[in-house]
Amino acid sequence: MRFKIELRYADTDQMGLIYFARHLVYADETVGKFFKEAGVNLLEWERRGVYLAVAHAEVDFESPLRYGEECEVEVGVERVGKSSVSFSFKVFGSGELKSQGKIVYVFIDGKSKIEIPMEIRMHLEKFIK
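Attention in this report is confined to the structure presented alongside it. Bear in mind that the values here come from a model prediction, so they are computed numbers and not experimental data.

Reading the values: the criteria
- Residues numbered from 1 in each chain as written.
- Predicted model: local features only at pLDDT ≥ 70, side-chain atom pairs only at ≥ 80, totals over all residues.
- Heavy atoms only, no water.
- Pairing = 2+ DSSP bridges.
- Helix = DSSP H or I, 4+ residues; strand = E, 2+ residues; numbered from the N terminus.
- Patch = residues over 30% accessible without salt bridge, like charges linked within 9 Å, V, L, I, M, F, W, Y side chains within 5 Å.
- Areas by Shrake-Rupley, 256 points an atom, 1.4 Å probe, with all protein chains shown as cover.
- Salt bridge = Lys/Arg side-chain N within 4 Å of Asp/Glu carboxyl O.
- Lys, Arg positive; Asp, Glu negative; His and termini not counted.
- Charge placed at Lys NZ, Arg CZ, Asp CG, Glu CD.
- Core = buried A, V, L, I, M, F, W, Y, C linked by side-chain atoms within 4.5 Å.
- Buried < 20%, exposed > 50% of the residue type's maximum accessible area, 1.4 Å probe, protein only.
- Contact = heavy atoms within 4.5 Å.
- Axes fitted to C-alpha atoms, helices over the stretch in contact; angles between N-to-C directions.

Before going further, it helps to examine the pairing of strand 5 (residues 96-108). Pairing of strand 2 (residues 51-61) with strand 5, which is carried by 10 bridges, proceeds in the antiparallel orientation. Looking at strand 5, one finds that Ala53 is bridged to Val106. As paired strands, strand 4 (residues 84-93) and strand 5 are joined by 10 bridges and run antiparallel to one another. Bridge assignment links Ser86 to a residue of strand 5, and that residue is Val104.

Now the structure itself:
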């Protein structure tokens, strides 16, 4: 799934480029949009004591992303494990690939890892690449 992200001037570094760590923020924001589009209400699951935490994140940069570019982020489910889900992502600026990477989320009860609830698993498995 691909979603638009609004780039903010406050996200730039002293060279006028989007600060490198923001690429991960945009990917994480897009994963939130993905869950919503896939029919998973994360706020409702949090009320039930089920949370998501980032366990691993990596990003490779291809070219600078600049304030003012039209930004889109594409995410896809790579793997659904027992307690974790891996997403790949690509950040585009004005149609050009700017970065790509991976974020792994683990499901927790606030303290420890838990199995992915079956209802969420069913939604995620439909999108495995």
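All right, on to a negative patch on the surface then. Residues Glu58, Asp60, Glu62 and Glu78 make up a contiguous surface patch of negative charge. Looking at the element boundaries, Glu58 is found in strand 2.

Take the nonpolar core next. Residues Phe34, Val73, Val85, Phe87, Ile120 and Leu124 are the most contacted members of the largest nonpolar core, which totals 29 residues. Not counting the four nearest positions on each side in its chain, Val73 is found in contact with Met1, Arg2, Phe3, Ile5, Tyr26, Ala27, Thr30, Phe89, Lys90 and Val91.

The antiparallel open sheet is built from 5 strands, whose spatial order is 1-3-4-5-2. One side of each edge strand has no neighbouring strand; the edge strands of this open sheet are strand 1 (2-5) and strand 2. Neighbour-to-neighbour, the strand axes of the sheet open up by a mean angle of 25°, direction not taken into account. Across 4 bridges, strand 1 lies against strand 3 (residues 71-80) in antiparallel orientation. Looking at strand 3, one finds that Ile5 is bridged to Cys71. This element, helix 1 (residues 22-37), spans strand 1, strand 2, strand 3, strand 4 and strand 5 of the sheet and lies at about 130° to strand 1. Relative to the sheet, helix 3 (residues 118-125) contacts strand 3, strand 4 and strand 5, its axis offset from that of strand 3 by approximately 115°.

This part covers unusual backbone geometry. Here the phi dihedral of Ser94 falls at roughly 50°; this positive angle occurs in a residue that is not glycine. Tracing the chain through its elements places Ser94 in the loop between strand 4 and strand 5.

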